[in-house]
Amino acid sequence: MTQTPACPPPLPEAEAEDGTEVNTEAENQTENKAGSKAENPAENQSENPDGPESEADFELALPAPALTPGQAFDALYAYAAPALVRQTYLLTGRRELARESVERAFQLAWQRWPEVAVDRDPAGWVRAAAYEYAMSPWHRLRLRHRTPEPPPAALDDRRLLSVLLSLPPAYRRTVLLYDGLGIGLPETAAETEASTPAAAGRLLHAREVVAARVPELADPGELRLRLTELGSKESLRTAAKPVVVRSGSERRARRWTRAAIAFTVLLIGSTAFTLRTAPDHYEAPQAPAATISGVPPRSGPGPLSEEEQEVRVKLRSTFQNGPERLRPELR
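The next thing to look at is the overall build of the protein chain. Each helix and strand in the protein chain was counted, giving 14 helices and 0 strands. Listing the helices and strands of the protein chain from first to last along the sequence gives α-α-α-α-α-α-α-α-α-α-α-α-α-α. Sorting the 331 residues of the protein chain into buried and exposed places 25% on the buried side. In the protein chain, of all internal contacts separated by at least 6 residues, the share reaching a separation of at least 24 is 69%.

Attention now goes to the pattern of salt bridges. Where charged atoms from two side chains of opposite charge come close, those side chains can pair. As enumerated under the stated definition, the model contains 8 salt bridges in all. Here Asp157 ties to Arg226 by a salt bridge, and the two come within 3.7 Å at their closest N and O atoms. Note that Asp157 is positioned in helix H8 (residues 155–166) and Arg226 in helix H12 (residues 220–233), a separation of 69 residues in sequence. With a shortest N-O distance of 3.8 Å, Arg159 and Glu216 are connected by a salt bridge. Linking Arg159 in helix H8 with Glu216 in the loop between helix H11 (196–213) and H12, this pair joins segments that are 57 residues apart in sequence. The class for Arg159 is partly exposed, based on a relative accessible area of 31%.

This brings us to unusual backbone geometry. Despite not being glycine, Glu193 shows a phi value in the positive range, around 55°. On the secondary structure map, Glu193 appears in the loop between helix H10 (185–191) and H11.

Moving on, we get to the packing of aromatic side chains. Here the distance between the centres and the angle between the planes together describe a pair of aromatic rings. Applying the stated rule across the entire model yields 6 aromatic pairs. Relative to Tyr77, the ring of Phe73 has its centre 6.5 Å away and its plane inclined at 25°; by these criteria the two rings are stacked. Residue Phe73 and its partner Tyr77 are both found in helix H4 (residues 69–92); the two are separated by 4 residues, about one turn of the helix. Geometry around Trp110 places Arg246 over its ring, the cationic atom sitting 5.5 Å from the centre.

A cluster of basic residues, Arg104, Arg251, Arg254, Arg255 and Arg258, forms a positive patch at the surface. When residues in the positive patch are grouped by element, the largest group, 4 residues, is from helix H13 (residues 242–277).

This brings us to the environment of Arg127. The residue Arg127 is located in helix H7 (residues 122–134) in this model. Taking the C-alpha atoms as reference points, Arg127 and Ala105, 22 residues apart in sequence, are found 7.6 Å from one another. Not counting residues within four places of it along the chain, the set of residues in contact with Arg127 comprises Leu84, Gln87, Asp121, Leu177, Leu181, Ile183 and Glu191. Side chain to side chain, Arg127 and Glu191 meet in a polar contact 2.9 Å long.

All chains considered together, the criterion is met by 1 cavity of 30 Å³ or more. Space inside the largest cavity adds up to approximately 30 Å³. Surrounding the largest cavity, Leu90, Leu91, Leu164, Arg172, Val175, Leu176 and Leu227 form its lining. Considering each element in turn, the lining of the largest cavity owes the most residues, 3 residues, to helix H9 (residues 169–180). Residues of the lining of the largest cavity, tallied by class, amount to 6 nonpolar, no polar and 1 charged.

Between H9 and H11, the least distance of the axes is 9 Å, while the angle of their chain directions is 90°. In terms of axis orientation, H9 runs roughly perpendicular to H11. Here Ala170, Tyr171, Thr174, Val175, Tyr178 and Asp179 of H9 lie close against H11, whose contacting residues are Ala199, Arg202, Leu203, His205, Ala206 and Arg207. Of the residues in the contact of H9 with H11, the class split is 7 nonpolar, 2 polar and 3 charged.

What follows concerns the environment of Glu308. With respect to the secondary-structure elements, Glu308 resides in helix H14 (residues 306–317). Given the relative accessible area of 41%, Glu308 is considered partly exposed. At a separation of 3.2 Å, a polar atom in the side chain of Glu308 contacts the main-chain amide nitrogen of Ser305.

What counts and how
Residues numbered from 1 in each chain as written. Predicted model: local features only at pLDDT ≥ 70, side-chain atom pairs only at ≥ 80, totals over all residues. Heavy atoms only, no water. Helix = DSSP H or I, 4+ residues; strand = E, 2+ residues; numbered from the N terminus. Buried < 20%, exposed > 50% of the residue type's maximum accessible area, 1.4 Å probe, protein only. Contact = heavy atoms within 4.5 Å. Salt bridge = Lys/Arg side-chain N within 4 Å of Asp/Glu carboxyl O. Phe/Tyr/Trp six-rings, centres within 6.5 Å; stacked < 30°, edge-to-face > 60°. Lys NZ or Arg CZ within 6 Å of the ring centre and 35° of its normal. Patch = residues over 30% accessible without salt bridge, like charges linked within 9 Å, V, L, I, M, F, W, Y side chains within 5 Å. Areas by Shrake-Rupley, 256 points an atom, 1.4 Å probe, with all protein chains shown as cover. Lys, Arg positive; Asp, Glu negative; His and termini not counted. Charge placed at Lys NZ, Arg CZ, Asp CG, Glu CD. Polar contact = N/O pair within 3.5 Å; in protein donor to acceptor, adjacent residues only side chain to side chain. 1 Å grid on protein atoms, 1.4 Å probe; cavity = no way out; pocket = protein on both sides within 12 Å on 5 of 7 lines; lining within 4 Å. Points joined across faces, edges and corners; volume = space filled by probe spheres on them. Nonpolar A, V, L, I, M, F, W, Y, C, P; charged D, E, K, R; others polar. Axes fitted to C-alpha atoms, helices over the stretch in contact; angles between N-to-C directions. Parallel < 35°, antiparallel > 145°, perpendicular 65-115°, else oblique.

Structure (structure tokens):
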């Protein structure tokens, strides 16, 4: 067998005539790689994905700036307002009242934004405020809410809405939160300001009433589906924009502040006037005269007339010892 010769050892590094060493093959490869990286920056970025290679990548790596209070409020309004109008319509059966309730709730949220912004559920905070305003009994005294609004077009929707409106407000709110929105029973009880057993009792009673009048909705899943469909069928949209809601909230706050200042000034003025004109001592009333046998009646002087008061003032203003006063002569 013939043996293959071994590989020859590497040649020693050549030296230039001036004594400097010539670049080795490894150094040439390194320089070639550096040159290729400089010529193709896109390939460099793909080879080194960990570190940013340009100013654009550095800017993308920076954290996003925080939202301003106005931007955060606008985002919350765009996210929660449309669905909240539909939910409030199921509580009241009135489209205009639903829009007004949502607008008032967001105005209140903007007035208390430092509190709402740190809440764990800002949408739930606004929802509770809208429900409280929508279900206020004082709306029955308003003229425009005395006339009924047109019911839904479909017969099944009219039946379901009439059943909901026949329930007491607390029961209606409970079934909407639990079956309509899928909120847990403890959270529903907390939002309706009731204990968990009381909320469960309200829910069962409301389901019984709905199942008795609309038998096909005895299943809670079917009831939840129908509540969602009923709210989505109505063309309910928020009339006001978030900027308008914020400006309206600020105007309302300014009006209430001015009214409070005016009331305080009026109260202080009326108190000062009362202190100025009120009597500073107590005058006991004069007892009426009584006839006693053998003794003439004795009674004190009564109130002076205007003429007698003028005479008294005139006499008190003159000198006690003057030429007008007559004195008897001694003879």
